[in-house]
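Structural features, examined
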Amino acid sequence: QVQLRESGGGLVQAGGSLRLSCVASGRIFNINSMGWYRQAPGKQRELVASIISGDNTNYADFVKGRFTISRDLAKDTAYLQMNSLKPEDTAVYYCTARATSRPWDQWGDYWGQGTQVTVSS
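In short, a report on the structure.

The rules behind each value
- Residues numbered from 1 in each chain as written.
- Predicted model: local features only at pLDDT ≥ 70, side-chain atom pairs only at ≥ 80, totals over all residues.
- Heavy atoms only, no water.
- Core = buried A, V, L, I, M, F, W, Y, C linked by side-chain atoms within 4.5 Å.
- Buried < 20%, exposed > 50% of the residue type's maximum accessible area, 1.4 Å probe, protein only.
- Helix = DSSP H or I, 4+ residues; strand = E, 2+ residues; numbered from the N terminus.
- Contact = heavy atoms within 4.5 Å.
- Polar contact = N/O pair within 3.5 Å; in protein donor to acceptor, adjacent residues only side chain to side chain.
- Lys, Arg positive; Asp, Glu negative; His and termini not counted.
- Salt bridge = Lys/Arg side-chain N within 4 Å of Asp/Glu carboxyl O.
- Pairing = 2+ DSSP bridges.

Right, let's get into the nonpolar core. Leu4, Trp36, Leu80, Met82 and Tyr93 are the most contacted members of the largest nonpolar core, which has 31 residues in total. Among the elements of the structure, strand E1 (2–7), strand E3 (18–26), strand E4 (30–39), strand E5 (46–53), strand E7 (67–72), strand E8 (77–82), strand E9 (91–100) and strand E11 (115–120) are those that each provide at least two residues to this core. The dominant element in this core, judged by the number of residues it contributes, is E9, at 5 residues. Those residues within four positions of Tyr93 in sequence are excluded, and the remaining contacts are Glu6, Leu20, Trp36, Tyr37, Arg38, Val48, Phe67, Leu80, Met82, Gly114, Thr115 and Val117.

So this is what it looks like as structure tokens:
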């Protein structure tokens, strides 16, 4: 199985920056894509950004121009650089990965436990 561990969340003032990291570990054969979702209190979980590799990225409209997703293939790690943070960015941020543990496995979707990001006004 694949485990994901997020880090880098915290409390920041509006206009500030945070960098989230997500490290994949366990039995990993291949990771197809990694991404970040978020869930604010009382709201549904929503996609923030995803990446397959290099320039193959996808962003939600509400973070375009402010957030950047990147990936280190050698370290099985994804990052989310968040700039110009707003109070409405406050949420639990979850890392996700589509991966296989063995060559013959079908792709599986894995989730981390989440990291809290709080932006004060």
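We are not done yet, so read on.
In this section: the side chain of Thr77. Turning to its location among the elements, Thr77 is positioned in strand E8. Exposure remark for Thr77: the relative accessible area of 5% places this residue in the buried category. At a separation of 2.8 Å, a polar atom in the side chain of Thr77 contacts the main-chain carbonyl oxygen of Lys75. Dropping the residues within four chain positions of it, Thr77 is found in contact with Cys22, Val23, Met34, Ser70, Arg71 and Asp72.

Mapped onto the fold, Glu6 is located in strand E1. The side chain of Glu6 sits in the buried core without any salt bridge; Arg45 is the nearest counter-charge, 7.8 Å away. Engagement of the side chain of Glu6 in a polar contact is seen with the backbone nitrogen of Gln113, the distance being 3.2 Å. In terms of polar contacts, Glu6 uses its side chain to reach the backbone amide nitrogen of Gly114, at 3.0 Å. In contact with Glu6, other than residues within four places in its own chain, are Ser21, Cys22, Trp36, Tyr93, Tyr94, Cys95, Gly112, Gln113, Gly114 and Thr115.

This structure, assessed with the given rule, holds 6 salt bridges. Each of Arg38, Glu46, Arg66 and Asp89 takes part in a single network of salt bridges with overlapping partners.

Bridging between E1 and E3 involves 6 bridges; their strand directions are antiparallel. Note that in E3 the partner of Arg5 across the bridge is Val23. Sheet analysis places E3 next to E8, joined by 6 bridges and oriented antiparallel. Counted as the bridge partner of Arg19 is Gln81 from E8.

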